[in-house]
Amino acid sequence: MSDNELPKVTIYSDGGCSPNPGFGAWAALLMFTRENGELVEKALTGYDSQTTNNHMELTAAIQALEALKMRCEVDFYTDSQYLKNGITTWLNGWIKNGWRTADKQPVKNRDLWERLHLATQRHIIHWHWTRGHAGDRHNERVDELVNQTRMNAYRNLR
């Protein structure tokens, strides 16, 4: 299958916790159109009882990309500049510098960045940053899913 024939998928992801660090959740919304024209939306969610916002943002992206069963062309939307800048700008430098930042510090969340880097390798991904809480309905939806997942999990674990 040529790159022009790849299935096209749109992904929105979000993650957060309250307080930070604290009890967190992540969500991803995968959207694609079947050959018959039917729009398919699949929501993925998860939580962690002791985490950070950045950890949840990365986990959402990883889970979304790992859920894709075949090579795809992906429009990936995030409201996390940490995720967007990390994957599009900083990652190659970190790898080149032995997983050290520009000021020679170890990269935080290295295990997740390595897993995300691996998850991106088989896809063509167009990364997009969208402002959070600014009316983008899909971004608002994943934000709602994060909050619902976090609150439901917190209630169930108490």
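Residues numbered from 1 in each chain as written. Predicted model: local features only at pLDDT ≥ 70, side-chain atom pairs only at ≥ 80, totals over all residues. Heavy atoms only, no water.

A. Structural view of the nonpolar core. Counting residues in each nonpolar core, the largest one holds 30 residues, and the members touching the most others are Ile11, Leu65, Leu68, Phe76, Trp113 and Leu116. Elements supplying a minimum of two residues to this core: strand 1 (8-18), strand 2 (22-33), helix 1 (53-67), strand 4 (73-78), helix 2 (81-96), helix 3 (110-120) and strand 5 (124-129). The biggest single contributor to this core is helix 1, with seven residues. Once you skip the residues sitting within four places of it in the chain, Leu65 turns out to touch Ile11, Phe76, Leu116, Ala119, Thr120, His123, Ile125 and Trp127. One finds Tyr12, Ala25, Ala27 and Leu29 within the second-largest nonpolar core, a separate group that totals eight residues. (Core = buried A, V, L, I, M, F, W, Y, C linked by side-chain atoms within 4.5 Å. Buried < 20%, exposed > 50% of the residue type's maximum accessible area, 1.4 Å probe, protein only. Helix = DSSP H or I, 4+ residues; strand = E, 2+ residues; numbered from the N terminus. Contact = heavy atoms within 4.5 Å.)

B. Representation of the sheet that holds strand 4 in the model. Sheet architecture is open: five strands sit in the order 3-2-1-4-5, paired in mixed fashion. Every other strand in the sheet has two partners, leaving strand 3 (39-51) and strand 5 as the edge strands with one partner each. Taking each pair of neighbouring strands and ignoring which way they run, the sheet shows an average axis angle of 20 degrees. Where strand 2 meets strand 3, eleven bridges bridge the pair, whose relative direction is antiparallel. (Pairing = 2+ DSSP bridges. Axes fitted to C-alpha atoms, helices over the stretch in contact; angles between N-to-C directions.)

C. Examining helix 1 more closely. Here helix 1 contains 15 residues, and its C-alpha end-to-end distance of 21 Å stays within 8% of the 21 Å for a straight helix at 1.5 Å per residue. Met56, Glu57, Leu58, Thr59, Ala60, Ala61, Ile62, Ala64 and Leu65 are the residues of helix 1 that are buried. (Expected span 1.5 Å × (residues − 1).)

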